[in-house]
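Residue-level structure breakdown
Spelled out from the first residue to the last, the chains are:
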Amino acid sequence: MHPLTKWVIDKIEKEYKDDVALLIGIKGHATDGDCHGECFDYFIPATDRAYELEETFIIDGVGHDLYARSWERMEKSVTLDEMAFVLANATILYAKSKEDEERFLKLQEKLAENLKDDTFVYGKAL
């Protein structure tokens, strides 16, 4: 695990345990270990206090953003009303609870179903 990811998870567990539902990385973008992409991508807040965790880090000239995406925005990703790749290629780096993890995985499954539906995708493309 990248040290910056470990630091964020430790901070969540120590200071925001009840406030952050999930910490998410994007496969091929945030978790490949090349240190040029982000080690994490976003978190899903469980409370408004979680927004205090948002931060931008610049390490060796490389920017790393830690930002919030609400459950509502994640649901819009399922319907292609928000960016789908933040859900489709996502991996869970930290989960507050099994319920949060399962909710996220169900959203991923529904997105996959929607993307297989040519009529749905075509309608969104129009």
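Look a little higher up for the structure.
Now for a description of the structure that goes with this document.

Rules used in this analysis
- Residues numbered from 1 in each chain as written.
- Predicted model: local features only at pLDDT ≥ 70, side-chain atom pairs only at ≥ 80, totals over all residues.
- Heavy atoms only, no water.
- Helix = DSSP H or I, 4+ residues; strand = E, 2+ residues; numbered from the N terminus.
- Rg over C-alpha atoms; globule rule 2.2 N^0.38 Å.
- Buried < 20%, exposed > 50% of the residue type's maximum accessible area, 1.4 Å probe, protein only.
- Contact = heavy atoms within 4.5 Å.
- Areas by Shrake-Rupley, 256 points an atom, 1.4 Å probe, with all protein chains shown as cover.
- Lys, Arg positive; Asp, Glu negative; His and termini not counted.
- Charge placed at Lys NZ, Arg CZ, Asp CG, Glu CD.
- Pairing = 2+ DSSP bridges.
- Axes fitted to C-alpha atoms, helices over the stretch in contact; angles between N-to-C directions.
- Parallel < 35°, antiparallel > 145°, perpendicular 65-115°, else oblique.
- Nonpolar A, V, L, I, M, F, W, Y, C, P; charged D, E, K, R; others polar.
- Polar contact = N/O pair within 3.5 Å; in protein donor to acceptor, adjacent residues only side chain to side chain.

Things to note about the overall build of the chain
The helix and strand inventory of the chain stands at five helices and five strands. If you list the helices and strands of the chain from N to C, you get α-β-β-β-β-α-α-β-α-α. Expected size for 126 residues packed as a compact globule is a radius of gyration near 14 Å; at 15 Å, the chain falls within 12% of this value. Referenced to the eigenvectors of the C-alpha coordinate spread, the extents of the chain come out at roughly 45 × 30 × 20 Å. A burial count over the chain gives 38% of its 126 residues as buried. Counted over contacts in the chain with a minimum sequence separation of 6, partners at least 24 positions apart contribute 63%. Surface summary for the chain: the accessible area is close to 7300 Å², and the carbon and sulfur share equals 49%. Of the charged side chains in the chain, 16 are positive and 27 negative; the average position of the first set lies 4 Å away from that of the second.

Quick look at the pairing of strand S2 (residues 42-45)
Covered by surrounding structure in S2 are Tyr42 and Ile44 together with Phe43 and Pro45, the residues of both alternating faces. Bridge count between strand S1 (residues 20-26) and S2: four bridges; the pairing is antiparallel. Within S2, the position partnered with Val20 by the bridge is Pro45. Summarising the sheet, S2 and strand S4 (residues 62-68) pair through two bridges and their orientation is parallel. Its bridge partner lying in S4, Phe43 is registered against Ala68.

Considering the packing of helix H2 (residues 71-78) against helix H4 (residues 98-116)
Two numbers describe how H2 lies on H4: the axes approach to 8 Å, and their chain directions differ by 25°. Relative to H4, H2 is oriented roughly parallel. Residues Trp71, Met74, Glu75, Ser77 and Val78 of H2 form the contact with H4, whose participating residues are Asp100, Arg103, Phe104, Leu107, Lys110, Leu111 and Asn114. By residue class, the composition of the contact of H2 with H4 is six nonpolar, two polar and four charged.

Topic: the environment of Gly63
The topology assignment puts Gly63 in strand S4. Each C-alpha atom, one on Gly63 and one on Asp19, is 24 Å from the other, the two residues being 44 residues apart in sequence.

Structural notes on helix H5 (residues 118-125)
A small share of H5 lies buried, amounting to zero of its eight residues. Where H5 begins, the side chain of Asp117 points an oxygen toward the backbone nitrogen of Thr119, at a separation of 3.1 Å.

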